[in-house]
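Read off the chains here:
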Amino acid sequence: MLLCIDTGNTNTVFSIWDGDSFIATWRTSTEHQRTGDQYYVWLSTLMRFQGIEADITEAIISSTVPRVVFNLRVLCNRYFNCRPVVVGKPECALPMAPRVDAGTTVGPDRLVNTAGAYDRYGGDLIVVDFGTATTFDVVAADGAYVGGVIAPGVNLSLQALHEAAAALPHVDITKPADVIGTNTVACMQSGVFWGYVGLVREICARIKAEYDRPMRVIATGGLAPLFEQGDTLFDTFDEYLTIHGLTVIHKYNKDLGTL
Ligand SMILES: Nc1ncnc2c1ncn2[C@@H]1O[C@H](COP(=O)(O)OP(=O)(O)O)[C@@H](O)[C@H]1O
Ligand SMILES: CC(C)(COP(=O)(O)O)[C@@H](O)C(=O)NCCC(=O)O
Ligand SMILES: [K+]
């Protein structure tokens with residue numbers, strides 16, 4: 001069975017696959033101090049709790065936080081006796097190389113989203129991933145990542161208001177019914193939520209104008225559903241796009257015979 005690990009700056013998602021069948025997925029916070037042993041205690045407890053007897057023999061890792069990779073490698077080596085494929089490392093081949101400025105390191109999550117989205121939806125896409133940062137990835141007709149946009153994440157924007165202004169509290173994001181807030185919290189939520197709707201709409205419109213071919217917009221990431229409701233920002237919402245991308249890249253490397 002295959003263990004897929006997707007580490008973002010806030011959360012790390014583990015998922016287990018048996019060939020094309022999805023077995024389970026779990027999420028934990030991303031902390032670079034966590035050791036391989038700690039990951040295993042957490043993971044094996046959840047597996048036992050759900051009665052999953054997974055015989056993990058292969059693993060693939062994508063991490064936007066380079067320093068956690070060491071301990072994730074230890075987890076795979078020590079407890080699953082396998083060498084994980086790490087997206088972004090030279091030994092991990094990609095179905096299509098990114099076409100970006102020389103010397104640019106594209107976030108592995110964006111490469112994974114690109115591979116997953118191309119496999120499921122074909123090319124000419126904008127993938128919007130609502131993570132710690134909100135990324136827009138442009139996937140060309142041939143499936144290559146050809147650039148995009150990085151915007152401050154939704155929660156990051158709220159946190160920045162709280163941290164920079166003495167009188168602004170910590171607030172969770174929600175979709176406000178009205179635009180005109182009648183208290184501080186409602187004003188903040190309105191600013192970030194409706195501001196974000198505008199940000200997504202404007203960036204997608206400008207990408208489409210610049211790209212000059214019809215494109216579809218695919219949304220993913222923890223907060224994407226919040227922006228899905230009632231607004232026509234996206235063509236498709238795909239919660240499991242990144243996980244799917246990891247399975248696609250793993251299969252690609254396996255088929256090459258390099259694993
Ligand atoms: N289902 C959810 N509901 C509300 N907030 C969420 C949910 N999932 C994630 N978040 C929040 O969205 C932000 C981005 O999370 P996530 O997509 O896990 O980011 P990353 O991939 O960068 O680690 C975080 O602040 C997280 O707490
Ligand atoms: C933009 C990101 C911080 C998003 O990470 P996330 O929100 O998933 O934690 C990550 O993709 C990254 O570190 N990228 C490197 C720069 C680039 O992609 O161009
Ligand atoms: K992400």
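Here the structure is a predicted model, which means the values were calculated and not measured.

Engineer: Looking at this model, I keep getting lost on the site of ligand 2. Mind explaining?
Structural biologist: Around ligand 2, 13 residues are found, and the nearest of them are Asn9, Gly107, Asp109, Arg110 and Ala133. With respect to ligand 2, the backbone of Gly107 contributes an N or O atom lying 2.8 Å from an oxygen atom. Taking Thr132, its main chain carries an N or O atom lying 3.0 Å from an oxygen atom of ligand 2. Across the complex, the protein chains shield 76% of the 460 Å² of accessible surface that ligand 2 would expose by itself. For the shell around ligand 2, the secondary structure elements donating two or more residues are helix H3 (108–121) and strand S7 (133–139).

Engineer: It is not clear to me how the environment of Asp172 should be interpreted in this structure. Could you clarify?
Structural biologist: Secondary-structure assignment places Asp172 in the loop between helix H4 (154–164) and helix H5 (184–211). With 13 residues separating them along the chain, Asp172 and Val185 place their C-alpha atoms 9.0 Å apart. When sequence neighbours within four positions are dropped, the list of residues in contact with Asp172 reads Leu158 and Gln189.

Engineer: What is the right way to read the site of ligand 1 from this model?
Structural biologist: Around ligand 1 lies a shell formed by Gly8, Asn9, Thr10, Asn11, Arg27, Phe130, Gly131, Thr132, Asn155, Gly222 and Leu223. Here an oxygen atom of ligand 1 sits 3.4 Å away from a polar atom, N or O, in the main chain of Gly222. Coverage of ligand 1 by the protein amounts to 63% of the 560 Å² it exposes when considered alone. Looking at side-chain class alone, the shell around ligand 1 contains two nonpolar, eight polar and one charged residues. In terms of domain composition, the shell around ligand 1 takes at least three residues from each of domain 1 (2–86) and domain 2 (108–244).

Engineer: Sorry if this is basic, but what is going on with the sheet that holds strand S8 (residues 145–152) here?
Structural biologist: Either a parallel or an antiparallel arrangement is found when strands of a sheet pair, and the pairing is made through backbone hydrogen bonds. Pairing in this open sheet of five strands is mixed, and the strands run S8-S7-S6-S9-S10 from one edge to the other. Looking at the sheet topology across the chains shown, the edges are occupied by S8 and strand S10 (236–237). With five bridges connecting them, strand S6 (residues 125–130) and strand S9 (residues 216–220) associate as parallel partners. Bridging from a neighbouring strand, Val128 pairs with Ala219 of S9. Those strands touched by H5 are S6, S7, S8 and S9, and its axis lies near 20 degrees from that of S7.

Engineer: I keep staring at helix H2 (residues 69–80) and nothing clicks. Help me out?
Structural biologist: Because an α-helix completes one turn every 3.6 residues, residues spaced three or four positions apart along the sequence face the same direction. Taking 1.5 Å of rise per residue, twelve residues should cover 16 Å, and H2 covers 16 Å from first to last C-alpha, within 8% of that figure. Among the residues making up H2, those that are buried are Val69, Asn71, Leu72, Val74, Leu75, Cys76 and Phe80. Where H2 is buried, its residues touch strand S1 (2–7), strand S2 (11–18), helix H1 (36–49), strand S4 (58–63) and strand S5 (85–86). Immediately beyond the C-terminal end of H2, within one or two residues, lies Asn81, with a positive phi of roughly 55 degrees.

Engineer: Can you walk me through the sheet that holds S4 in this structure?
Structural biologist: Sheet architecture is open: five strands sit in the order S3-S2-S1-S4-S5, paired in mixed fashion. Strands with a single pairing partner mark the edges of an open sheet, and in this sheet they are strand S3 (21–29) and S5. With respect to the sheet, H1 is in contact with S1, S2 and S3, its orientation differing from that of S3 by roughly 135 degrees. Sheet strands in contact with helix H7 (residues 241–256) are S1, S2, S3, S4 and S5, and its direction is about 125 degrees off that of S4.

Conventions we followed
Residues numbered from 1 in each chain as written. Chains lettered and ligands numbered in written order. Predicted model: local features only at pLDDT ≥ 70, side-chain atom pairs only at ≥ 80, totals over all residues. Heavy atoms only, no water. Near = heavy atom within 4 Å. Polar contact = N/O pair within 3.5 Å; in protein donor to acceptor, adjacent residues only side chain to side chain. Areas by Shrake-Rupley, 256 points an atom, 1.4 Å probe, with all protein chains shown as cover. Helix = DSSP H or I, 4+ residues; strand = E, 2+ residues; numbered from the N terminus. Contact = heavy atoms within 4.5 Å. Nonpolar A, V, L, I, M, F, W, Y, C, P; charged D, E, K, R; others polar. Domains from an automatic or database assignment. Pairing = 2+ DSSP bridges. Axes fitted to C-alpha atoms, helices over the stretch in contact; angles between N-to-C directions. Expected span 1.5 Å × (residues − 1). Buried < 20%, exposed > 50% of the residue type's maximum accessible area, 1.4 Å probe, protein only.

Read these as layout, nothing more, since geometry by itself doesn't imply function.
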